[in-house]
Amino acid sequence: MLLASHVAASGCWLDERQVVVHQPVPTKGPPFTAQRKRYRFWHMRGVRKPANQPAAPLLGYMRVSKADGSQVLDLQRDALQAAGVKERHLYSDTASGKQDDRPGLGACLQALREGDTLVVWKLDRLGRSLRHLVNVVHDLTSRGVGLKVLTGQGAAIDTTTPAGKLVFGIFASLAEFERDLISERTRAGLASARARGRKGGRRRKMTPAKLRLAMAAMGKPETNVASLCEELGITRSTLYRHVSPTGERRSEANPP
(Lines give C-alpha, C1' and ligand atoms only; values in the text may rest on other atoms or scores of the structure.)
Protein backbone atom coordinates (compact mmCIF):
# COMPACT_ATOMS: atom_id res chain seq x y z
CA MET A 1 0.00 0.00 0.00
CA LEU A 2 1.33 3.44 -0.91
CA LEU A 3 1.74 6.14 1.65
CA ALA A 4 -1.04 8.68 2.08
CA SER A 5 1.23 11.48 0.94
CA HIS A 6 1.87 9.71 -2.33
CA VAL A 7 -1.84 9.11 -2.81
CA ALA A 8 -2.65 12.73 -2.21
CA ALA A 9 0.08 13.94 -4.51
CA SER A 10 -0.95 11.65 -7.36
CA GLY A 11 -4.67 12.35 -7.20
CA CYS A 12 -5.49 8.59 -7.24
CA TRP A 13 -7.86 6.52 -5.15
CA LEU A 14 -7.18 2.97 -3.98
CA ASP A 15 -9.76 0.21 -3.66
CA GLU A 16 -9.24 -3.26 -2.22
CA ARG A 17 -8.16 -4.78 -5.54
CA GLN A 18 -5.85 -2.24 -7.19
CA VAL A 19 -5.40 1.27 -8.36
CA VAL A 20 -8.27 2.94 -10.22
CA VAL A 21 -6.93 5.97 -12.03
CA HIS A 22 -9.21 9.02 -12.12
CA GLN A 23 -6.59 11.51 -13.31
CA PRO A 24 -3.53 11.17 -15.58
CA VAL A 25 -0.69 9.61 -13.64
CA PRO A 26 2.51 11.67 -13.61
CA THR A 27 5.37 10.17 -15.51
CA LYS A 28 8.04 10.84 -12.89
CA GLY A 29 8.74 9.16 -9.60
CA PRO A 30 9.21 5.51 -8.64
CA PRO A 31 5.81 5.09 -6.87
CA PHE A 32 3.90 5.96 -10.02
CA THR A 33 5.99 3.59 -12.13
CA ALA A 34 4.99 0.77 -9.83
CA GLN A 35 1.36 1.88 -10.11
CA ARG A 36 1.48 1.73 -13.89
CA LYS A 37 2.94 -1.77 -13.82
CA ARG A 38 0.26 -3.02 -11.44
CA TYR A 39 -2.50 -1.39 -13.47
CA ARG A 40 -1.16 -2.96 -16.66
CA PHE A 41 -1.03 -6.38 -14.96
CA TRP A 42 -4.65 -6.30 -13.81
CA HIS A 43 -5.74 -4.94 -17.16
CA MET A 44 -4.06 -7.83 -18.99
CA ARG A 45 -5.75 -10.39 -16.77
CA GLY A 46 -9.04 -9.79 -18.53
CA VAL A 47 -7.65 -10.60 -22.00
CA ARG A 48 -8.95 -13.94 -23.29
CA LYS A 49 -7.27 -16.32 -25.71
CA PRO A 50 -8.38 -16.24 -29.34
CA ALA A 51 -11.51 -18.26 -29.97
CA ASN A 52 -10.33 -19.73 -33.30
CA GLN A 53 -8.19 -22.59 -31.97
CA PRO A 54 -6.60 -24.93 -34.56
CA ALA A 55 -8.77 -27.91 -35.39
CA ALA A 56 -7.77 -31.43 -34.42
CA PRO A 57 -5.75 -33.13 -37.16
CA LEU A 58 -7.33 -35.58 -39.58
CA LEU A 59 -5.44 -38.80 -40.34
CA GLY A 60 -6.27 -40.76 -43.47
CA TYR A 61 -5.85 -44.44 -44.24
CA MET A 62 -5.76 -46.01 -47.72
CA ARG A 63 -5.59 -49.63 -48.85
CA VAL A 64 -5.48 -51.68 -52.03
CA SER A 65 -5.40 -55.46 -52.22
CA LYS A 66 -3.06 -56.13 -55.16
CA ALA A 67 0.57 -55.06 -55.54
CA ASP A 68 0.90 -55.87 -59.26
CA GLY A 69 0.03 -52.32 -60.36
CA SER A 70 -3.56 -53.09 -61.35
CA GLN A 71 -4.83 -51.19 -58.29
CA VAL A 72 -3.59 -47.71 -57.32
CA LEU A 73 -4.21 -45.34 -54.42
CA ASP A 74 -4.82 -42.20 -56.50
CA LEU A 75 -8.61 -42.16 -56.11
CA GLN A 76 -8.47 -42.64 -52.35
CA ARG A 77 -5.64 -40.12 -51.97
CA ASP A 78 -7.54 -37.41 -53.87
CA ALA A 79 -10.71 -38.00 -51.83
CA LEU A 80 -8.89 -37.87 -48.50
CA GLN A 81 -6.99 -34.73 -49.41
CA ALA A 82 -10.22 -33.09 -50.56
CA ALA A 83 -11.68 -33.91 -47.12
CA GLY A 84 -8.87 -31.97 -45.44
CA VAL A 85 -6.28 -34.67 -44.72
CA LYS A 86 -2.73 -33.45 -45.27
CA GLU A 87 -0.20 -35.47 -47.23
CA ARG A 88 2.00 -36.11 -44.19
CA HIS A 89 -0.99 -37.60 -42.34
CA LEU A 90 -1.74 -40.28 -44.96
CA TYR A 91 -1.04 -43.96 -44.31
CA SER A 92 -1.42 -46.82 -46.79
CA ASP A 93 -1.19 -50.59 -47.15
CA THR A 94 -1.06 -53.05 -50.02
CA ALA A 95 -2.75 -56.07 -48.48
CA SER A 96 -6.05 -57.87 -48.28
CA GLY A 97 -8.70 -56.45 -46.00
CA LYS A 98 -8.98 -59.82 -44.27
CA GLN A 99 -5.49 -59.37 -42.80
CA ASP A 100 -5.60 -57.74 -39.39
CA ASP A 101 -1.83 -57.23 -39.13
CA ARG A 102 -1.05 -54.42 -41.58
CA PRO A 103 1.98 -52.16 -41.00
CA GLY A 104 0.37 -49.02 -42.44
CA LEU A 105 -2.78 -49.43 -40.37
CA GLY A 106 -0.73 -50.12 -37.26
CA ALA A 107 1.31 -46.95 -37.74
CA CYS A 108 -1.85 -44.93 -38.37
CA LEU A 109 -3.59 -46.20 -35.23
CA GLN A 110 -0.47 -45.54 -33.18
CA ALA A 111 -0.24 -41.95 -34.45
CA LEU A 112 -3.83 -41.10 -33.47
CA ARG A 113 -4.29 -38.98 -30.37
CA GLU A 114 -7.32 -37.96 -28.33
CA GLY A 115 -9.50 -35.60 -30.34
CA ASP A 116 -8.16 -36.75 -33.72
CA THR A 117 -10.32 -38.23 -36.46
CA LEU A 118 -9.51 -41.22 -38.66
CA VAL A 119 -10.79 -40.71 -42.22
CA VAL A 120 -11.22 -43.56 -44.72
CA TRP A 121 -12.58 -43.52 -48.24
CA LYS A 122 -14.86 -46.54 -47.73
CA LEU A 123 -15.53 -48.75 -44.76
CA ASP A 124 -14.06 -51.83 -46.46
CA ARG A 125 -10.71 -50.00 -46.82
CA LEU A 126 -10.37 -50.23 -43.05
CA GLY A 127 -11.17 -53.95 -43.08
CA ARG A 128 -13.63 -56.56 -44.29
CA SER A 129 -13.84 -58.61 -41.13
CA LEU A 130 -16.69 -57.58 -38.83
CA ARG A 131 -14.73 -58.65 -35.77
CA HIS A 132 -11.71 -56.56 -36.78
CA LEU A 133 -13.81 -53.50 -37.59
CA VAL A 134 -15.67 -53.67 -34.30
CA ASN A 135 -12.40 -54.02 -32.36
CA VAL A 136 -10.78 -51.09 -34.17
CA VAL A 137 -13.75 -48.76 -33.65
CA HIS A 138 -14.08 -49.81 -30.01
CA ASP A 139 -10.39 -49.00 -29.48
CA LEU A 140 -10.77 -45.62 -31.21
CA THR A 141 -13.83 -44.74 -29.14
CA SER A 142 -12.13 -45.61 -25.87
CA ARG A 143 -9.20 -43.33 -26.84
CA GLY A 144 -11.46 -40.43 -27.79
CA VAL A 145 -10.75 -40.73 -31.52
CA GLY A 146 -13.48 -40.32 -34.13
CA LEU A 147 -14.05 -42.24 -37.38
CA LYS A 148 -15.29 -40.68 -40.61
CA VAL A 149 -16.22 -42.56 -43.78
CA LEU A 150 -16.37 -40.44 -46.94
CA THR A 151 -18.43 -42.57 -49.32
CA GLY A 152 -19.95 -46.00 -49.83
CA GLN A 153 -22.24 -47.87 -47.50
CA GLY A 154 -20.73 -46.42 -44.32
CA ALA A 155 -20.85 -42.74 -45.33
CA ALA A 156 -23.33 -41.99 -42.49
CA ILE A 157 -21.05 -43.31 -39.76
CA ASP A 158 -20.21 -40.93 -36.94
CA THR A 159 -18.94 -42.92 -33.99
CA THR A 160 -19.27 -39.99 -31.61
CA THR A 161 -23.06 -40.48 -31.39
CA PRO A 162 -25.14 -43.52 -30.34
CA ALA A 163 -26.95 -43.50 -33.68
CA GLY A 164 -23.62 -43.50 -35.52
CA LYS A 165 -22.46 -46.52 -33.54
CA LEU A 166 -25.62 -48.36 -34.56
CA VAL A 167 -25.11 -47.43 -38.22
CA PHE A 168 -21.52 -48.63 -37.99
CA GLY A 169 -22.60 -52.05 -36.78
CA ILE A 170 -25.14 -52.39 -39.60
CA PHE A 171 -22.78 -51.37 -42.38
CA ALA A 172 -19.91 -53.42 -41.02
CA SER A 173 -22.18 -56.46 -41.30
CA LEU A 174 -23.04 -55.47 -44.87
CA ALA A 175 -19.34 -55.13 -45.77
CA GLU A 176 -18.63 -58.64 -44.50
CA PHE A 177 -21.72 -59.96 -46.29
CA GLU A 178 -20.55 -58.36 -49.56
CA ARG A 179 -17.13 -59.98 -49.21
CA ASP A 180 -18.77 -63.38 -48.71
CA LEU A 181 -20.90 -62.83 -51.81
CA ILE A 182 -17.84 -61.97 -53.92
CA SER A 183 -16.04 -65.08 -52.69
CA GLU A 184 -19.09 -67.23 -53.38
CA ARG A 185 -19.47 -65.86 -56.91
CA THR A 186 -15.76 -66.46 -57.58
CA ARG A 187 -15.96 -70.09 -56.48
CA ALA A 188 -19.11 -70.62 -58.56
CA GLY A 189 -17.42 -69.14 -61.64
CA LEU A 190 -14.37 -71.35 -61.25
CA ALA A 191 -16.52 -74.45 -60.85
CA SER A 192 -18.50 -73.53 -63.97
CA ALA A 193 -15.28 -73.01 -65.97
CA ARG A 194 -13.85 -76.34 -64.84
CA ALA A 195 -17.09 -78.07 -65.87
CA ARG A 196 -16.56 -76.70 -69.38
CA GLY A 197 -12.97 -77.90 -69.55
CA ARG A 198 -11.28 -74.60 -68.77
CA LYS A 199 -8.70 -74.35 -66.04
CA GLY A 200 -8.03 -71.26 -64.02
CA GLY A 201 -4.70 -69.61 -63.45
CA ARG A 202 -2.08 -68.06 -65.69
CA ARG A 203 -1.63 -69.40 -69.19
CA ARG A 204 1.41 -71.53 -69.84
CA LYS A 205 4.38 -69.86 -71.46
CA MET A 206 5.54 -73.08 -73.12
CA THR A 207 3.11 -73.74 -75.98
CA PRO A 208 3.33 -76.85 -78.22
CA ALA A 209 4.93 -74.77 -80.99
CA LYS A 210 7.55 -73.35 -78.62
CA LEU A 211 8.23 -76.81 -77.26
CA ARG A 212 9.02 -78.19 -80.72
CA LEU A 213 11.34 -75.28 -81.50
CA ALA A 214 13.10 -75.66 -78.13
CA MET A 215 13.63 -79.41 -78.65
CA ALA A 216 15.09 -78.82 -82.11
CA ALA A 217 17.37 -76.02 -80.95
CA MET A 218 18.60 -77.79 -77.81
CA GLY A 219 19.65 -80.77 -79.95
CA LYS A 220 22.30 -78.58 -81.62
CA PRO A 221 25.53 -78.06 -79.66
CA GLU A 222 26.00 -74.50 -80.96
CA THR A 223 22.69 -73.27 -79.51
CA ASN A 224 22.96 -70.36 -77.06
CA VAL A 225 20.50 -71.04 -74.27
CA ALA A 226 20.13 -67.38 -73.27
CA SER A 227 19.35 -66.31 -76.83
CA LEU A 228 16.90 -69.18 -77.24
CA CYS A 229 15.01 -68.24 -74.08
CA GLU A 230 14.85 -64.61 -75.13
CA GLU A 231 13.53 -65.57 -78.58
CA LEU A 232 10.86 -67.89 -77.17
CA GLY A 233 9.90 -65.48 -74.37
CA ILE A 234 10.47 -67.96 -71.57
CA THR A 235 12.86 -68.30 -68.67
CA ARG A 236 15.76 -70.73 -68.42
CA SER A 237 13.97 -72.71 -65.68
CA THR A 238 10.88 -73.09 -67.90
CA LEU A 239 13.03 -74.33 -70.77
CA TYR A 240 14.84 -76.96 -68.70
CA ARG A 241 11.59 -78.01 -67.04
CA HIS A 242 10.28 -79.16 -70.43
CA VAL A 243 13.42 -79.91 -72.46
CA SER A 244 16.63 -81.63 -71.43
CA PRO A 245 20.06 -80.22 -72.41
CA THR A 246 20.27 -82.83 -75.19
CA GLY A 247 16.96 -81.71 -76.75
CA GLU A 248 14.74 -84.47 -75.43
CA ARG A 249 11.38 -83.81 -73.92
CA ARG A 250 11.22 -84.44 -70.21
CA SER A 251 8.70 -87.10 -69.29
CA GLU A 252 7.83 -85.55 -65.90
CA ALA A 253 6.76 -82.26 -67.51
CA ASN A 254 3.02 -81.79 -67.95
CA PRO A 255 1.89 -81.42 -71.55
CA PRO A 256 1.31 -77.75 -72.40
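### Some remarks on the overall build of the protein chain
Next up, step 1: Of the regular secondary structure elements, the protein chain holds 10 helices and six strands.
Next up, step 2: Burial analysis of the protein chain (256 residues in total) assigns 29% to the buried set.
Next up, step 3: Taking the intrachain contacts of the protein chain between residues at least 6 apart in sequence as the baseline, contacts between residues at least 24 apart amount to 59%.
Next up, step 4: By element, 55% of the accessible surface of the protein chain is carried by carbon and sulfur atoms, the whole surface being about 17100 Å².

### Section: the pattern of salt bridges
Next up, step 1: Going through the model one piece at a time under the given rule, you end up with three salt bridges.
Next up, step 2: Notably, a salt bridge pairs R77 with E87, separated by 3.0 Å at the nearest N-O pair. Remark: E87 occurs in the loop between α3 (74-82) and β4 (90-94) and R77 occurs in helix α3; sequence separation between them is 10 residues.
Next up, step 3: Here R77 falls in the partly exposed class, since its relative accessible area comes to 24%.
Next up, step 4: On the basis of relative accessible area, E87 is assigned to the partly exposed category, the value being 46%.

### Side note on the sheet that holds strand β5 (residues 117-120)
Next up, step 1: Taken together, four strands build an open sheet; the order of strands is β4-β3-β5-β6 and the sheet is parallel. Each edge of the sheet is formed by a strand with only one pairing partner; in this case those strands are β4 and β6 (146-149). Averaged over all pairs of adjacent strands, the angle between their axes in this sheet comes to 25°, without regard to strand direction.
Next up, step 2: Of the strand pairs in this sheet, strand β3 (residues 58-64) and β4 are connected by five bridges, and their pairing is parallel. By the bridge assignment for β4, R63 is matched with D93.
Next up, step 3: Along the sheet, helix α4 (residues 103-111) contacts β3, β4 and β5; its crossing angle with β4, the most-contacted strand, is approximately 155°.

### Section: α4
Next up, step 1: Within the sequence span of α4, burial applies to G104, L105, C108 and L109. An end-on view of α4 places all buried positions within 130° of arc, on one side of the element. α4 presents P103 and Q110 as exposed residues on the side facing more than 90 degrees away from its buried surface.
Next up, step 2: Along its buried surface, α4 packs onto β3, β4, β5, α5 (123-126) and α6 (130-142).

### What to know about the environment of L126
Next up, step 1: When you line up the elements, L126 lands in helix α5.
Next up, step 2: Non-local contacts of L126, meaning those with residues more than four positions away in its chain, are made with Y61, R102, L105, L118, V120, H132, L133, V136 and L147.

How each quantity is defined
- Residues numbered from 1 in each chain as written.
- Predicted model: local features only at pLDDT ≥ 70, side-chain atom pairs only at ≥ 80, totals over all residues.
- Heavy atoms only, no water.
- Helix = DSSP H or I, 4+ residues; strand = E, 2+ residues; numbered from the N terminus.
- Buried < 20%, exposed > 50% of the residue type's maximum accessible area, 1.4 Å probe, protein only.
- Contact = heavy atoms within 4.5 Å.
- Areas by Shrake-Rupley, 256 points an atom, 1.4 Å probe, with all protein chains shown as cover.
- Salt bridge = Lys/Arg side-chain N within 4 Å of Asp/Glu carboxyl O.
- Pairing = 2+ DSSP bridges.
- Axes fitted to C-alpha atoms, helices over the stretch in contact; angles between N-to-C directions.
- Arc of directions from axis to C-beta.

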